Each structure stands twice: as structure tokens, then as C-alpha cells.
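Structure at a glance
As a plain string of letters, each chain reads:
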Amino acid sequence: MKQINILLLLVIMVFIFSSCESILPKAPDSSDTIAEPIEGLTPHQLAFFMEGDELFAKIFTPDEGLVPIFIQNACEGCHVGDGKGHPFNKLTRFGKYDEDGNFDYMLDQGGPQLQHRSINNYLPEVLPENATHFSDRIAPIVIGMGLLASVDDQTLLDLVELQNNEMDGITGKVNYVLPNDFFLSEDIHIDSSGYYIGRFGKKASKVTLLDQVVFALKQDIGLTSDFDTEDPINYVIASNTSDGVPDPEVGSDVVNRLVFYMRTLKSPSRRNETDQSVIDGEQIFKDMGCVKCHVQTLTTASSEIEALSNKVFHPYTDLLLHDMGMSLNDNYREGNAKGGEWRTPPLWGLGLADDSQGGIGYYLHDGRATSLEQAIEMHGGEAAGVIVNYNNLSDEEKGKLYAFLMSL
Amino acid sequence: MNKIIASILIMCISVGSVLSQESESIYKRPFIDFGKTAVGGYLEANSNYFSEDGVSEGFSMEMRRFNIFLFSKISKRVKFLSELEFEHGTEEIALETAQLDFEFSPFLNFRAGIILPEIGLVNSNHDSPKWEIIDRPLSSTSIIPSTLSEVGFGLFGNLNSGNQFINYHLYATNGLQDGIILNEEGRTHIASGKSLKSFEEDNNGRLMYNAKISVKNNNFGEIGFSYYGGVYNTFALEGEVVSEERSLDLYAIDFVLPFGKGVLQGEMVNALIDVPSDIVEIYSSQQKGGFVDLVYPLYKKEMFGYQNSVINACVRYENLDYNMGTFKSTGTEIGDEVTAVVAGLSFRPTDGTIFRANYRHHLTTDILGNAPAIMGGFQVGFATYF
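Conventions we followed
- Residues numbered from 1 in each chain as written.
- Chains lettered and ligands numbered in written order.
- Predicted model: local features only at pLDDT ≥ 70, side-chain atom pairs only at ≥ 80, totals over all residues.
- Heavy atoms only, no water.
- Helix = DSSP H or I, 4+ residues; strand = E, 2+ residues; numbered from the N terminus.
- Rg over C-alpha atoms; globule rule 2.2 N^0.38 Å.
- Buried < 20%, exposed > 50% of the residue type's maximum accessible area, 1.4 Å probe, protein only.
- Contact = heavy atoms within 4.5 Å.
- Areas by Shrake-Rupley, 256 points an atom, 1.4 Å probe, with all protein chains shown as cover.
- Lys, Arg positive; Asp, Glu negative; His and termini not counted.
- Charge placed at Lys NZ, Arg CZ, Asp CG, Glu CD.
- Salt bridge = Lys/Arg side-chain N within 4 Å of Asp/Glu carboxyl O.
- Polar contact = N/O pair within 3.5 Å; in protein donor to acceptor, adjacent residues only side chain to side chain.
- Axes fitted to C-alpha atoms, helices over the stretch in contact; angles between N-to-C directions.
- Parallel < 35°, antiparallel > 145°, perpendicular 65-115°, else oblique.
- Left-handed = near helix turned anticlockwise from the far one by under 90°.
- Nonpolar A, V, L, I, M, F, W, Y, C, P; charged D, E, K, R; others polar.
- Buried area = accessible area lost by both parts, 1.4 Å probe.
- 1 Å grid on protein atoms, 1.4 Å probe; cavity = no way out; pocket = protein on both sides within 12 Å on 5 of 7 lines; lining within 4 Å.
- Points joined across faces, edges and corners; volume = space filled by probe spheres on them.
- Phe/Tyr/Trp six-rings, centres within 6.5 Å; stacked < 30°, edge-to-face > 60°.
- Lys NZ or Arg CZ within 6 Å of the ring centre and 35° of its normal.

1. Description of the overall build of chain B
In terms of regular secondary structure, chain B is built from two helices and 19 strands. Taken against the 2.2 N^0.38 rule, which gives 21 Å for 386 residues, the C-alpha radius of gyration of chain B at 21 Å falls within 12% of a compact globule. When the backbone C-alpha atoms are referred to their principal axes, chain B occupies close to 60 × 55 × 40 Å. Here chain B holds 386 residues, and the buried ones make up 55% of them. Of all intrachain contacts in chain B linking residues separated by at least 6 positions in sequence, the fraction that spans at least 24 positions is 61%. Summed over all atoms, the accessible surface of chain B reaches about 16500 Å², with 60% contributed by carbon and sulfur. Of the side chains in chain B, 29 bear a positive and 47 a negative charge, and the two mean positions are spaced by 10 Å.

2. Some points on the overall build of chain A
Within chain A, the regular secondary structure consists of twelve helices and eleven strands. Residues classed as buried in chain A amount to 53% of the 408 residues present. Contacts spanning at least 24 positions in sequence make up 68% of the contacts within chain A whose residues lie at least 6 apart. Taken together, the 29 basic and 61 acidic charged side chains of chain A have centroids lying 4 Å from each other.

3. Section: the side chain of D321 of chain B
Residues and elements named next belong to chain B. Within the secondary structure, D321 sits in strand β16 (residues 310-321). The side chain of D321 sits in the buried core without any salt bridge; K288 is the nearest counter-charge, 5.5 Å away. Side-chain polar atoms of D321 contact the backbone nitrogen of N323, separated by 3.0 Å. Residues contacting D321, with those up to four places away along its chain left out, are Q286, Q287, K288, G335, D336 and E337.

4. So, the packing of helix α7 (residues 209-221) of chain A against helix α8 (residues 252-264) of chain A
All names here are of chain A. Two elements in contact, α7 and α8, have axes separated by 10 Å at closest approach and are oriented at 120 degrees. Between α7 and α8, the angle is such that the two are oblique. With respect to the hand of their crossing, α7 and α8 are arranged in right-handed fashion. Each of L209, L210, V213, V214 and L217 in α7 lies in contact with α8, whose residues at this interface are V255, L258, V259, M262 and R263. Residues of the contact of α7 with α8, tallied by class, amount to nine nonpolar, no polar and one charged.

5. Regarding unusual backbone geometry
Put simply, G111 of chain A and P112 of chain A share a cis peptide bond, and its omega is 5 degrees. With respect to the helices, strands and loops of the structure, P112 of chain A is situated in the loop between β3 (103-104) and β4 (117-118). Look at the link from D247 of chain A to P248 of chain A: it is a cis peptide, with omega at 0 degrees. As for its position among the elements, P248 of chain A is in the loop between α7 and α8. Of note in this structure, S193 of chain A is not a glycine but carries a positive phi near 55 degrees. Residue position: S193 of chain A is located in the loop between β6 (175-177) and β7 (196-198). Positive phi, normally seen in glycine, also occurs at E238 of chain B, with a value near 50 degrees.

6. Considering the interface of chain B and chain A
Each side of the interface is counted separately: chain B has 41 residues, and chain A has 42 residues. Summing both sides of the interface, chain B and chain A together bury roughly 3200 Å²; the carbon and sulfur share of this comes to 70%. Per-residue buried area on chain B facing chain A is highest for D278, L368 and F378 of chain B; these three make up 19% of the total on that side. Inspection of the chain B/chain A interface yields one salt bridge. Where chain B touches chain A, the interface holds nine residue pairs in polar contact (both at pLDDT 80 or more). Elements with a minimum of two residues in the side of chain B that touches chain A: β2 (37-52), β18 (353-365) and β19 (373-385) of chain B. Of the residues forming the side of chain B that touches chain A, the biggest block, six residues, is contributed by β19 of chain B. Tallied by class, residues from the side of chain B that touches chain A come to 21 nonpolar, 13 polar and seven charged.

7. Some words on the layout of surface pockets
All names here are of chain B. A volume near 1400 Å³ is recorded for the second largest pocket. Residue assignment for the lining of the second largest pocket shows that the elements contributing at least two residues are β8 (164-173), β9 (208-217), β10 (221-231), β13 (247-259), β14 (262-273), β15 (286-300) and β16. Here the lining of the second largest pocket is composed, by residue class, of 17 nonpolar, 16 polar and 14 charged.

8. What to know about the environment of N312 of chain B
Residue and element names in this part refer to chain B. Examined against the element boundaries, N312 turns out to sit in strand β16. Taking the C-alpha atoms as reference points, N312 and E132, separated by 180 residues in sequence, lie 7.9 Å from one another. When neighbours within four sequence positions are excluded, N312 is seen to be in contact with E132, V295, Y296, P297, L298, G344, L345, S346 and R348. Within the local environment of N312, its side chain forms a polar contact with the side chain of E132, the two groups lying 3.3 Å apart.

9. Some points on the packing of aromatic side chains
Enumeration according to the criterion identifies 28 aromatic pairs over all chains in this entry. When the ring of Y27 of chain B is compared with that of F71 of chain B, the centres are 5.9 Å apart and the planes differ by 75 degrees; the resulting orientation is edge-to-face. Residue Y27 of chain B is found in the loop between β1 (17-18) and β2, and its partner F71 of chain B is found in strand β3 (residues 55-75); the two are separated by 44 residues along the sequence. Relative accessible area serves as the criterion here: at 3%, Y27 of chain B is assigned to the buried category. Every member of this aromatic cluster is reached through a ring pair, and the members are Y97, F103, Y105 and Y332 of chain A. Lying across the ring of Y322 of chain B, R187 of chain B places its NZ or CZ 3.8 Å from the centre.

So yeah, pure geometry; function would need other evidence.
Following this line, the structure appears as C-alpha cells:
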């Protein structure tokens, strides 16, 4: 009897362990996840992607340069799960107009961005008393960036011309910005007397993803890099306060892997695409005129990454600046972008936004809207006509519109 | 401190008899027979097969620990005990214990050296062969940083009256250090406050204090209340004050209760950490956690020629909140939680040897409280005293 019991126990254990795979947690549906590489990368590129993924999640310590002041200690601190940011990581840009009417980013007083956190006995930065203009932002979703980066400048200029010709009040414009010293012009770029078209950032003030990554490393995490070797300085304390870590704190290897990771994160898959309410909602979206700015389809130019080359994709943005009216006017200028002008944000991933924001969607540039309805109603300026159309929709039609937006 | 010692002495007078040092949990190891000198230890290894959200690194084997004990009974009432730990082969070598126990009377002993502060259930009772589940409880490694061994000194003693037992410990140690905040975890992580430098000198000249009192009844089990805390940060350099003094306070309750033929045991711990206000949402100021283990014998007879061998079923529930509180900006609750359930079987051919098979289901919620990452996996392993 004893032997039978022991044998039975052993059989149960063998059964349990032989069925390991079926008991273990399954992967979530691919359409519900965003932190995945685009299809078609080579094994070497995938390895590079994975290294970038690891760096994106890496938590930086004071010994590695997370001082003297910062906003977060990792890229994923703001872009949780590569998704849209949360108001607790809201960042603040500040500046003022000088006597000649030029916008001053107050670089000599710690501008353009406030680092309100500090560690290891440093003091956090505070807003300078003479700053007069402020802009709060939350982090954007970082997916599909490589596709946006591979659209050529001429496509954007064509969209400007198209919108201007339609004479319906929607007049997108490009933001010409002076690139950094490390900018290398590619075939997609058009030189305009040394200025180039910006396409990244809430006001399209960054020409390339490299610009964006270098800026974020310094202004968000307090890290110097091969591309920018000066620590953020808290001018309240002194004009030369820096940490005790030799600069640059990260090399070009780290920056390049982060840039590659962002370039090769996939764009989100649609969900419930065949639901009738989603199909109807998409038609309402078009009929209302939303697609004039939230352009459905763009095409990439040739790219050295084959998986990004000549791809048709659906970001729902024109990458252009539009005047969004007084309610969204932050009176903060970036390049040609005035206070009320914002780059059309891509709508892809909108339905997955709250999955990375703790279950509540925080929309618009600073997360002020907590529902799609609020976000739409806060559109003004060039979108005023579209909002009239929106307000004329029935509740059922609005429901279909939201269903479509949540399918993106 | 004087009041506490006086209270203990009064209690000693009021009870009938006392227990000797041998009743301490650290002496409940099979190699110690209280002869002159003894060498022993334990060995622990296991296999892992885990998958998180459908992604698995596959099967691997892990040589967790090889620990060597050296015990010496210097005289009838003076004892020395040490523990040298080799973790993952020689990846980490640590002198976990090197302590001298000097008995004034059974209820008043002096202990000094590298000691194990008495906080929670696991820290001074961490030997793997004693546990049915392969992984240590999360609250005992992440909040109570087991194994926490520190340079310190203090008093302990045991009293009993019939079925009632009281055990107390009072220690002062160099304590945990700045790593509680300055760490690679990117959050308040008490275990990162351990530092090898603390074996040489304290970082701030402020000792940490540890106290525990346990009450045991032979019929109803044992319950313990413990505290560990003090100033953890380097607030002065060369005598110049460069920061506020910041403190850590850990409060724990632990219990071991009979449950039919089995045992129900666990601990709950609450940690209060003083952190700068500008980073408090990332580096939390309060953490809590705990676990409950149920160990129940299924089959207790001679097996394979081993007398008194036993097969146990075990289950553990544990929860850990690394960051209690709400976001100022939204008023929503901060996440950063772990909840896990572990179930398993163990086979003890002898008291000091155990074979274990566990299944762990583990949910990790990020700081924003998004849908949890789900990890599951199997572990099979053994641990044995020698």
C-alpha cells in the first residue's frame, strides 16, 4: 500500500511537471502590446533592438550620473511600457520674452526645462522668479517613431500646400529649426538656409530622434552624453554645480542603441477593426474633417533599415503645426511654433494609452483631458469648424467615433 | 533603555524558571551537539523554469548556497558561532555570522560580533533546510533585508513559566546605509542599504536599534513583535552637516501557530522611510508586506528505509506594496506591488534534509498600477544540513 501511495504521488508530480508549458502564463495578444520590434529586422538588428530595450528600461544611479537634478531615473520612468506618460511625471518648460521681443529659454538660469527632483544631498531646481512663460507636458507614446522619422520633408511640405489650397481654415505649417552641431543631413531632409523641418516633440522642435534622445537624457534624467557634455545646472545654488561623475556619463554606444530602439519599435496593431461601430466611427471621423490634420496614411522614403523602407503606414498625423486656439495656448514658443500651435499628435495607440497610464487615459499635451470627449472638446483654433461638426453628432454617433478612436 | 532592562529583570523574578541559550533558534541546527567545537553547514540547490507574460528563458539550474558553520563552546556559558556563506558558487562570499554569546544568567546574555538582528520570522531563522518553499518570502528579502547581518552587540534572554515562554532581544548595530535610496532599483529598496563598509565603520555615527519580544505557548503557538530602525543616511561630511538626518523604521509581527497536524506561520512588516519630499512618489516613504505559509504533513511514515520521513504539502500567499500612497497630481493610488501564491510538495527523509517542488504564480504591478505582469514557474530543489 505504501509503495502504491508513493508511486501515485510520483505519477502526479511527473504529470504536473510534464504539463509545465500549458500551466505557465501565456503571452498577451500582440495587438494589446506595444513594446515589440517592427517586423523584418535582421537577427543583428534584433540584437541591437534588445540592447536598446534594456537601456530604455535601465535605471540610472547617482554613481552613473543621475544627479544633480532630474525628473525621472529611467526612460521607462516616464514612458512606462513605452506608452504615454502620466501626470505624476509632468515636466515643465519655462522661459520669458526679452526686451527685443525674442523668446528667451533662460539657459543661463537652468532653462528650458525644470528638473524638480534631486537625490544624494543635492537640491531640486525651482522655477526662476523672472520666468514668465511656462508649458507643462506629459511624455508621448514612443512607438512607431522610426516610421515617422523616415517620411521625407517633401511629403510634409506637400501636405502644407494641400491644406493651404483647400481654404477651409486648416493651415498646417512646418517648424523650421536650427539643428544641433551633431546633426547629419540625410536624403529625406531639405536644407532651408541651414534650418531643417522639425517633426519630434510636442511642438516639432526636434529634427531627428537623435536630437530627441540626447535632449531627454539630459533634461529628463540629468545625463550628459557624447553629444552634450554639460550637466543640467541648478542656478539657484551656483552657476557651476555639477555631479561628481566624469562627463560624458553615457557614450555614443548608449545613445545610438536608444535611438535604434525607438526607430524600430513597431506601430500598434488595430483592434476590433471589423466591428460595425468602428467602421461607422471611422467614416464619421473622416466626414467631420478630423483627417485633414490627423492624416490617416503616410509613406516612408528609402531607409538603411530595410524594415522601414518604403512602407505605407497609418499614424493619423500630418506632423505639422496647427493653431489649436486659446484654450490650448501655453504662450510658450519653440522655434516657429507659437503658444497655441502644436504638432498634430499621432493617434495610433490611442486605445492602448490608458493601459500604460494606470487605467485612466490622460490626453492632450499635458494630460489635462481624462476622456476622449474632453480631449476633442478642447480643440479650438483651426479645429473650430471640425468641433462644430462634432457637436452636431448624436450620442450614438459620438459613441461610434470613440469606438473607432479606441481601435487605433 | 534602562526601563526596558528593568522590566525584563522584573519579569525574570516573577517567573519560575529560565531557559538556556540552547533554546535560541540559531542554535537549533543539527550539527551542534554542544560538545566542544563543531563544524557543519548547509547546502541548497534548485532548478528554475519560469515564464513571464509568455516569455521564458528556459530551464536552468541554480547553486544557491553553500554555508559553513563553525561552533565552539568556549566554556559552559560562553559560546561562539559563525556562518560563512558562498552564494551562487563563489559569486558572493559573505561572513554572515561571527558572534560571541556570553551568559550572565539564562535570562541575561550578552551577544556581540557580526550578529543577525531579530526582525520578523526569517532573518535569524533563514536556513534553507528549515523551509518547505525554495524562495524566501518577498517581505523577508525586500523589506526586511534577510539575511541582514551586522556588526553589533546587545542582550537576549529566555524565560519560561509552565507552558509559557518569553524570549527577548535588544541590540545596537551599525545599521543600514544610504543605499536604501541610492541604489540600482530606482525605488526605495531597504535591502540595498546593506553595505560591506558597515563591518568596518558606520556611515553616520548613529547606531540602529533592534528589539524583539516573542511569547510562546506550547498549545497556542508563538507570536513575536519586533522593531529595527535608526538614521540611515550620511548627513554629515567631515563634521559639516550636508543633509537632514533621515530615518528608517521597521515594525514586524510574526507568528508560528499549530494548524491541525500542520503549522501556520508568517510575518507582516511595515516600513517607514524618511525620504526627501521631492522624490517621494518615486522613492516611497512607506512599504508594507507579509506572507503566510501553511505546511501540512500528508504522509508521515518510514519511506525508502528512512524512519520518520514525511511528505508535506505547503502553500504560501504573499503580498508586497513597495510604494504606499497616492499621486499628488491625480489622487490615484500608487502601484508598485507584488502578489504571489506558491504551492508545493516536500519530502523530508530526515529532519535536516528536504527535497522540494514548488509552483509559483507571481503578479507584478508597476508604479502606475497598470495590468500586472504575470510570471509563473516551477522550481525543484533540495537543501540539507551537514
